[in-house]
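Secondary and tertiary structure notes
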Amino acid sequence: MRPLLFAANWKMQVTPGETRRFAEQFLGATAPVDGRSLWFFPSAVSMASAADAFGGRADIQIGAQDVHWEPKGAFTGATSIPLARGAGASGALVGHSERRHVFGETDVETGRKVRALLDAGLTAFLCVGEKLEEREAGETEAVVLRQLRAGLAGVAAEGMRRVVVAYEPVWAIGTGRNATAEDAARVHAALRAELSNLGATDRVPVLYGGSVNLGNARGLLAQPEIDGVLVGGASLDPDGWAEIVGIGG
Ligand code: PEP
């Protein structure tokens, strides 16, 4: 089985107590598998509980859903990288479509966050994806490659080793619609070619996200271009999520 990465984005859900109950059930239903990495992205409030509850399993890592690029300061409501690390995070999502399109985060800001994470020795999960109108205008590749270049501006080959890219078409997130496996694989191939232009020497994992569920995950993961999945809704049920990660072995 080739290496696969399964990432759960819990968004603004799952309290610390629910996190502990989830972990108990999920850990009982799964065992570590060679080459399969599992990441959980709880809300900042539940990060420490997640780190504690999943802490015994070396195949599981915790990440923040967002971080600020400044290490400290007057940024009410934001989570710095030292705060996230202190709560047990070893990486973070950057530029998730809800950060870009609900909170107005720019390409330049995503680049700052990626660099700050890499400088701190953490893993950056850079999310890219086109809106429906961009897809319909035939701009998918142009949009995701622009987001990729901006997100990775100033990142050297060494830093690329701690980068994960997630292709998440905006129109597919939380909507029940998703790209066909072949469509997604085409975009992944374009992203991979650009990653190598940008100086990545090792294979940077490129995940797919957007209404992934048990019914479509196997087909997506059968594509050699797709190195894993980033999942919102279908990661909220411990048994259902255990079944999905079971595709990885
Ligand atoms: C996400 O939150 O990144 C996501 C892909 O959500 P969903 O799986 O619910 O579409």
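Residues numbered from 1 in each chain as written. Predicted model: local features only at pLDDT ≥ 70, side-chain atom pairs only at ≥ 80, totals over all residues. Heavy atoms only, no water.

Concerning the site of the ligand
The following threshold applies: Proximity is defined per residue: any heavy atom of the residue falling within 4 Å of a molecule or strand makes that residue near it. Only the protein chains shown count as cover for residues, and the accessible areas themselves come from Shrake-Rupley with a 1.4 Å probe. Note on residue categories: nonpolar means Ala, Val, Leu, Ile, Met, Phe, Trp, Tyr, Cys or Pro, charged means Asp, Glu, Lys or Arg, and polar means any other residue, Gly included.
Around the ligand lies a shell of 14 residues, among which Lys11, Glu168, Gly174, Ser211 and Gly232 are the nearest. Relative to its unbound accessible area of 290 Å², the ligand is 95% covered by the protein chains. Looking at the shell around the ligand, its residues break down into four nonpolar, eight polar and two charged.

Section: the pairing of strand 6 (residues 163–167)
Quick note on the threshold: Residue exposure (1.4 Å probe, protein chains only): buried if accessible area is under 20% of the type maximum, exposed if over 50%, otherwise partly exposed. Secondary structure elements follow DSSP: runs of H or I of four or more residues count as helices, runs of E of two or more count as strands, with numbering from the N terminus. A pair of strands is treated as paired once DSSP finds two or more bridges between them.
Burial runs high along strand 6: five of the five residues are buried. Burial along strand 6 is two-sided: the residues Val163, Val165 and Tyr167 and Val164 and Ala166 are all buried. The pairing of strand 6 with strand 7 (residues 206–209) spans three bridges and is parallel. From the neighbouring strand, Ala166 faces strand 7, where its bridge partner is Leu207.

Some details on the pattern of salt bridges
Here is the rule we go by: Only one rule defines a salt bridge in this text: a Lys or Arg side-chain nitrogen within 4 Å of an Asp or Glu carboxyl oxygen.
Using the criterion set out here, one finds 18 salt bridges in the structure. Asp59 serves as the salt-bridge partner of Arg57, at 2.8 Å between the closest nitrogen and oxygen. Accessibility assignment for this pair places Arg57 and Asp59 in one class, buried.

Things to note about the packing of aromatic side chains
Condition: Here the aromatic set is Phe, Tyr and Trp, taking the six-membered ring for Trp, and pairing holds for ring centres within 6.5 Å; pairs whose planes are under 30 degrees apart are stacked, those over 60 apart are edge-to-face, and all others are tilted. Lysine NZ or arginine CZ positioned within 6 Å of the ring centre and within 35 degrees of the ring normal marks a charge as sitting over the ring.
One pass over the full model with this rule turns up 13 aromatic pairs. With centroids separated by 5.8 Å and ring planes inclined at 10 degrees, the aromatic side chains of Trp39 and Phe41 adopt a geometry described as stacked. We note that Trp39, like Phe41, is buried. Among the aromatic residues, those joined into a ring-pair cluster are Trp10, Phe22, Phe26, Phe40 and Phe54. Of note, Arg99 hangs over the ring of Phe103, and the distance from its end group to the ring centre comes to 4.1 Å. For Arg112, the ring lying beneath its charged end belongs to Trp69, and the centroid distance is 5.0 Å.

Some remarks on the domain arrangement of the protein
Put simply, the rule is: Domain limits in this description derive from either an automatic procedure or a database domain assignment. Should any heavy atoms of two residues lie within 4.5 Å, those residues are considered in contact. Summed over both partners, the accessible area (1.4 Å probe) lost when two parts come together is defined as the buried area. In the analysis that follows, any N or O atom pair within 3.5 Å is treated as a polar contact, provided that within protein one partner can donate a hydrogen and the other can accept it, and provided that, for residues neighboring in sequence, both atoms belong to side chains.
Once the domains are mapped, the protein shows domain 1 (1–65) and domain 2 (72–206). Relative to domain 2, the C-alpha centre of domain 1 lies at a distance of 20 Å. Contacts between domain 1 and domain 2 engage 14 residues on the former and 15 residues on the latter. In total, about 1100 Å² of surface goes out of reach between domain 1 and domain 2, with carbon and sulfur atoms giving 63% of it. The interface formed by domain 1 and domain 2 includes one salt bridge. Notably, a salt bridge pairs Lys11 with Glu98, separated by 2.8 Å at the nearest N-O pair. Across the contact surface, domain 1 and domain 2 share six residue pairs in polar contact (both at pLDDT 80 or more).

Looking at the side chain of Ser46
With respect to the element layout, Ser46 can be found in the loop between strand 2 (36–41) and helix 2 (47–54). Owing to a relative accessible area of 1%, Ser46 belongs among the buried residues under this scheme. Among residues more than four places away in sequence, those in contact with Ser46 are Val14, Thr15, Pro16 and Thr19.

Notes on the packing of helix 5 (residues 107–119) against helix 7 (residues 140–151)
Note the following rule: Angles run from 0 to 180 degrees between N-to-C directions of axes, and those axes are lines fitted to C-alpha atoms, restricted for helices to the stretch in contact. Oblique is the label for every angle not falling under 35 degrees (roughly parallel), over 145 degrees (roughly antiparallel), or within 65 to 115 degrees (roughly perpendicular).
Closest axis-to-axis distance for the helix 5/helix 7 pair is 7 Å, and the angle between their directions is 45 degrees. Judged by the angle between their axes, helix 5 and helix 7 are oblique. Judged by residue contacts, Asp107, Thr110, Gly111 and Val114 of helix 5 engage Arg146, Gln147, Ala150 and Gly151 from helix 7. Its residues placed into classes, the contact of helix 5 with helix 7 shows two nonpolar, four polar and two charged.

Focus on the environment of Val206
Within the element layout of this structure, Val206 appears in strand 7. A C-alpha to C-alpha distance of 9.9 Å links Val206 and Leu230, two positions 24 residues apart in sequence. If sequence neighbours within four positions are ignored, Val206 has contacts with Val165, His188, Leu191, Arg192, Leu195, Glu225, Ile226, Asp227 and Gly228.

Points about the sheet that holds strand 6
Taken in spatial order, the eight strands line up as 1-2-3-4-5-6-7-8 and close into a barrel, and their pairing is parallel. Adjacent strand axes in the sheet meet at a mean angle of 25 degrees, parallel and antiparallel pairs treated alike. Here two bridges tie strand 3 (residues 60–64) to strand 4 (residues 91–94), and the two strands are oriented parallel to one another. Each bridged residue has a counterpart across the sheet, and for Gly63 the counterpart in strand 4 is Gly91. Helix 7 contacts strand 5 (123–128) and strand 6 of the sheet and is inclined by roughly 155 degrees relative to strand 5.

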